[in-house]
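Architecture and fold: a report
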Amino acid sequence: MAESLVSALLPKLTTFIDNVVQYQEELKSMRSEMERIRAFLRVADSLEETDEEVKVWVRQIRDIAFDTEDALDEFRLLIGHDHRIDFANSGISGLLQRMSCCIRNFKARHRIAAELQRIGARLKTVCVGHGRLSNRLSRRVDQLGSPRGGDRERAWQDQRGNALLIDKADLVGIEGPKKKILDWLTEGEPKRAVVSVVGMGGLGKTTLVKQVTEEPVVKKHFEVSAWITLSGSSSVEVLLKELLEQLAMVIRKRVPAGAHKMDCHWLKIFIKDLLQRRRKTFQGDNSSCPPHLKEICSFILKKCDGLPLAIVAISGVLATKDTRRVDEWDLIRRSFRAEIDGNDQLQNLKKVLSLSINDLPYYLKSCLLHLSVFPEDHNIERKRLIRLWVAEGFIERNEGKTLEETAEDYFNKLLSRSLIQVSETTIDGRVKLCRVHDILREIITSKSKDHSFATITNGQGEVPPEKVRRLSIHSTFQAPCMSLSQLRSLYMFGAERSFIDTILASTMKLLGVLDLQGAPLTRFPSQAVDSYYLKYISLRNTEVKKLPRSIAKLQNLETLDLKHTNVTVLPVEILKLHKLRHLLVYRYENISYLCSKYGFKALTGIGALQSLQKLTYIEVDDDQGNVIMNEVGKLIHLSRLGILKLRKEHGRDLCCAISKLTNLQALSVNAVEDDEIIDLHHLISPPQFLQRIYLRGRLQTLPKWIYSLHSIMKLHLRWSRLEEDPFVSLQSLPNLIHLELVQVYDGATLHFKAKGFKKLRILGLDNFEELRHIEIEDGAMPCLEKLIIQRCQLLEDLPLGIEYLVNLKVLEFFDMSKKLVKKITRDGQDEDYKKVAHIPQVFYGYWRDGGWDVQSVERDAEGDSSPKPGTSMRSNELPPCWK
């Protein structure tokens, strides 16, 4: 892990050398020594687990690197202070101020240079003291530099599929082998096993195995089965997709959205999710688990979270425990992390998982260790993680890519190595939430502590290190005596207001990340403006109402996250923050079908924030609307733009601005009133990467440029009141996945033609006041998985042709006519009901007395299409389709 620290340190050291005169030779020698050490550190990371001398050497190097960083950051802080001095003041006071600055600057540079000289001497002493180790690491570096051989894949013609076509009556001579395999499968010990059938080509292996799997006794014994043919040229990804489809069909669950685009890692995750609830504890015999141990076993299995290596390892430990001694088993539950660290039988587990970590390139190790700051079982928002990694300085610049795009690459690499798990995805396949396996998290947290990467406090009497660089507070505790003067990052996930005030009152001039999301705050922490290095501030989900004008002092701020706060006005001084990349200021209020959105009053000079990538949501001023739109056009790096309270007269200037935003991927525009026209017809050349569009307001006719957007994946239209049927043109969009329409068209009939909406997965229709008939042709919307119809009171019949939607998994009706709802809750023999019998989940509901009454119509596991007693839910939130 020290490799990433030294790598980040070298550019800072070079900058300092270029700005000082004293000790040039000594400082350059120190830089050369660190460059040489960096080559050894990757090898040292892999040996640190087993070699105590290496561990000591790495710790000494890390401490030296930390001290060096502290000195260099102090120098940068001084330079930053000088830049804030008013050199335009030509009076006596200005002259005295500049003279004082020069004297102070000279003394400080000399002092810091002398400190670095002393650190350089320490570095040489450490390296000389471990000369023998240096030679050993050099040999290891040479070994790692040698190329690795690889197995050659051989292409061959697979004829085994023909064996699957043979009738049982035509087979002879297989009864004996078949009976033997059947006995192994159905009468053997109730545990996981592999039965291999081997022999030369042409002996009939495939035929034999196929006949075994078709036997009724096998189908009865195994709840889930799949048949996959593997050839020498088979792609693992293709095999996993086939396996996922077969399992989903057998289990009667839908194939996850975006499965055809998933890589191997995601496919494995979803296959595991399909199967994990069908596993059995105690080798398949739940009855053999003593009742008094079931709760403890469930907890431990939850910790293992389906990781086979973890399950096997912890089982070896539990096997040595007396099943009559609950206290022994409960001790394992309570001291799970200590068991991983101290139990010999679990050391192999730790070594294997540590190997996955040690094998990472240095630039990924810091990203992985950073996950330790999040609490256990915490679902982490991917976007939040990306912004934090950039602010923490983990991301290296890559030509042609933004830092955020490179961070996405880092995220995907950790994902592909199974070091991050997907918790939730969006409908278009993007990761929304992620988490870390509990056992892997314990190891990451342990390494984070050993490497002084982060200090985690959860009120359990932890002894913090002398110097804290990253502090993550998971609960309020009696604050121990610790210095925060070197603190770079502060995270709070659970603390009382008084405790937060105590922490924030500390001197933290080197602070770069301040994440107070969800903290019980009502005011902006005024002390934060003294942290010159601050790049990231999140006050999301707090009660903060106002920002101070002194926020202009944060010249390095890149992310300001005020989502779901009460901030509606920003001080004009914020326009001085030219490095700001993400400005998120908005909140929602949902009641029934009403969704109110609030942003902040737009500043007329917002075009000065040239680095902005995300700007949401600006409320357009009545008098300055056109000026604001012109300013927005200057923000050429924007990938996401949200605008509220737009008026018709601002449309032309908005179109002009959008045409300049060539990197725009998401656009949200809300009119000042639902009847106000959004005039977007003047946009001739829309951004080619535009994927998501949300428009709320009157359109009358759909802008023609929308039909040409081959990149669009998500389209939400509200209150458009179109004069013509929009589906005629929208159905040809090749990549449209999610379409939601609210009071968009008043026609009596909607017609979905064959081959239309080829990739659409979610369709929502709401408040089509005149709609009486929906017709779906065979071949239309072949990928549709979810259909929601709401507040279409004149629609009394099921969509004609709904049975053609063979991939439909969810059907929802809210506030619809009782005549229509009656047709999905009737006897299973009813012809209308049979049309939706293939749909696994059917819901209907009404808004009553300030809340939703939702009923589900369920099917049983055997596929019986008759309606079963549904579950009832009560909620005051939006219906499922709006979440």
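Below you will find a few notes about this structure. The model shown is predicted, which means the values in this text are computed figures rather than measured ones.

**Some points on the overall build of the protein**
Each helix and strand in the protein was counted, giving 26 helices and 27 strands. Counting over 883 residues, the protein shows a buried share of 49%. A sequence separation of at least 24 residues applies to 58% of the contacts in the protein between residues at least 6 apart. As displayed, the protein has an accessible area near 43,000 Å², and 50% of this comes from carbon and sulfur atoms.

**Notes on the sheet that holds strand 3 (residues 431-435)**
Pairing is antiparallel in the open sheet, where 3 strands are placed in the order 1-3-2. The open sheet has two edge strands with one neighbour each: strand 1 (380-381) and strand 2 (421-425). Strand direction decides the pairing type here: strand 2 and strand 3, joined by 4 bridges, are antiparallel. Looking at the pairing, Gln421 lines up with Arg435 of strand 3.

**Quick notes on the pattern of salt bridges**
Overall, the coordinates contain 39 salt bridges when judged by the stated rule. Two residues, Asp70 and Arg469, come together in a salt bridge whose shortest N-O distance is 3.0 Å. Of this pair, Asp70 sits in helix 3 (residues 52-83) while Arg469 sits in the loop between strand 4 (455-457) and strand 5 (470-473), and the two are 399 residues apart along the sequence. A single burial state applies to Asp70 and to Arg469, both of which are buried. With its nearest N and O atoms 3.2 Å apart, the salt bridge here joins Lys179 to Asp183. With Lys179 and Asp183 both in helix 6 (residues 175-187) and 4 residues apart, this pair spans about one turn of that helix. Judged by relative accessible area, which is 53%, Lys179 ranks as exposed.

**Looking at helix 18 (residues 403-416)**
Note that an α-helix has 3.6 residues per turn; residues three or four places apart therefore point the same way. The first and last C-alpha atoms of helix 18 sit 20 Å apart over 14 residues, in line with the 20 Å expected at 1.5 Å per residue. Burial in helix 18 covers these residues: Leu403, Glu404, Thr406, Ala407, Tyr410, Phe411, Leu414 and Leu415. Among the residues trailing helix 18, Ser418 stands out with phi positive, at a value near 65°.

**Here we look at the pairing of strand 16 (residues 666-671)**
Among the 6 residues in strand 16, 6 count as buried, and that is most of the element. Neither face of strand 16 is exposed, since Ala666, Ser668 and Asn670 on one face and Leu667, Val669 and Ala671 on the opposite face are all buried. Pairing analysis gives 5 bridges linking strand 15 (residues 640-646) to strand 16, with the strands arranged parallel. Bridging across to strand 16, Arg640 finds its partner in Ala666. Traced from strand 15 through helix 22 (residues 651-660) to strand 16, the parallel crossover comes out right-handed.

**Describing the pairing of strand 21 (residues 762-766)**
Among the 5 residues that make up strand 21, 5 are buried, leaving the element largely enclosed by the rest of the structure. Alternating residues of strand 21 divide into Ile762, Gly764 and Asp766 and Leu763 and Leu765, and every residue in both groups is buried. Judged from the 5 bridges that link them, strand 19 (residues 738-742) and strand 21 form a sheet pairing that is parallel. Bridge pairing in strand 21 places Leu741 opposite Leu765. Here 5 bridges tie strand 21 to strand 23 (residues 786-790), and the two strands are oriented parallel to one another.

**Considering the packing of helix 6 against helix 7 (residues 205-214)**
One can describe the packing of helix 6 onto helix 7 by two numbers: an axis separation of 10 Å at closest approach and a directional angle of 50°. In terms of their interaxial angle, helix 6 and helix 7 are classed as oblique. The two elements helix 6 and helix 7 meet at a crossing, and its hand is right-handed. Taken together, the residues of helix 7 that come into contact with helix 6 (itself represented by Pro177, Lys178, Ile181, Leu182 and Leu185) are Leu208, Gln211 and Val212. Taken together, the residues of the contact of helix 6 with helix 7 sort by class into 6 nonpolar, 1 polar and 1 charged.

**Observations regarding a nonpolar patch on the surface**
Together, Trp184, Val195 and Val197 line one region of the surface with nonpolar side chains, adding up to about 250 Å² of accessible area. Residue position: Val197 is located in the loop between helix 6 and helix 7.

**Looking at the environment of Val585**
Position of Val585 relative to the elements: it lies in the loop between strand 10 (582-584) and strand 11 (587-591). Given a relative accessible area of 0%, Val585 falls into the buried group.

**A look at the environment of Asp263**
Position of Asp263 among the secondary structure elements: in the loop between helix 9 (236-251) and helix 10 (264-275). For Asp263, a relative accessible area of 33% corresponds to the partly exposed category. In sequence terms Asp263 and Val238 are 25 residues apart; their C-alpha atoms lie 9.6 Å from each other.

**Examining the packing of helix 21 (residues 625-632) against helix 22**
For the pair helix 21 and helix 22, interaxial distance at closest approach is 8 Å and the crossing angle is 5°. Considering their axes alone, helix 21 and helix 22 lie roughly parallel with respect to each other. Facing helix 21, whose interface residues are Asn626, Met629, Asn630 and Val632, helix 22 presents Asp653, Leu654 and Ala657. Along the lines of polarity and charge, the residues of the contact of helix 21 with helix 22 split into 4 nonpolar, 2 polar and 1 charged.

**Examining the packing of aromatic side chains**
Under the counting rule described, the total for this entry stands at 12 aromatic pairs. Measuring from ring centre to ring centre gives 6.4 Å for Trp389 and Phe411, while their planes differ by 45°; the resulting arrangement is tilted. Here Trp389 is found in helix 17 (residues 382-392), whereas its partner Phe411 is found in helix 18, with 22 residues between them in sequence. Given the relative accessible area of 0%, Trp389 is considered buried. Relative accessible area serves as the criterion here: at 0%, Phe411 is assigned to the buried category. Geometrically, the ring pair formed by Phe752 and Phe757 is tilted, given 6.1 Å between the ring centres and 50° between the ring planes.

So, how was this worked out
- Residues numbered from 1 in each chain as written.
- Predicted model: local features only at pLDDT ≥ 70, side-chain atom pairs only at ≥ 80, totals over all residues.
- Heavy atoms only, no water.
- Helix = DSSP H or I, 4+ residues; strand = E, 2+ residues; numbered from the N terminus.
- Buried < 20%, exposed > 50% of the residue type's maximum accessible area, 1.4 Å probe, protein only.
- Contact = heavy atoms within 4.5 Å.
- Areas by Shrake-Rupley, 256 points an atom, 1.4 Å probe, with all protein chains shown as cover.
- Pairing = 2+ DSSP bridges.
- Salt bridge = Lys/Arg side-chain N within 4 Å of Asp/Glu carboxyl O.
- Expected span 1.5 Å × (residues − 1).
- Right-handed = clockwise from strand over helix to strand, strands pointing away.
- Axes fitted to C-alpha atoms, helices over the stretch in contact; angles between N-to-C directions.
- Parallel < 35°, antiparallel > 145°, perpendicular 65-115°, else oblique.
- Left-handed = near helix turned anticlockwise from the far one by under 90°.
- Nonpolar A, V, L, I, M, F, W, Y, C, P; charged D, E, K, R; others polar.
- Patch = residues over 30% accessible without salt bridge, like charges linked within 9 Å, V, L, I, M, F, W, Y side chains within 5 Å.
- Phe/Tyr/Trp six-rings, centres within 6.5 Å; stacked < 30°, edge-to-face > 60°.

Note that every value here comes from positions in space, so none of it alone points to a role or purpose.
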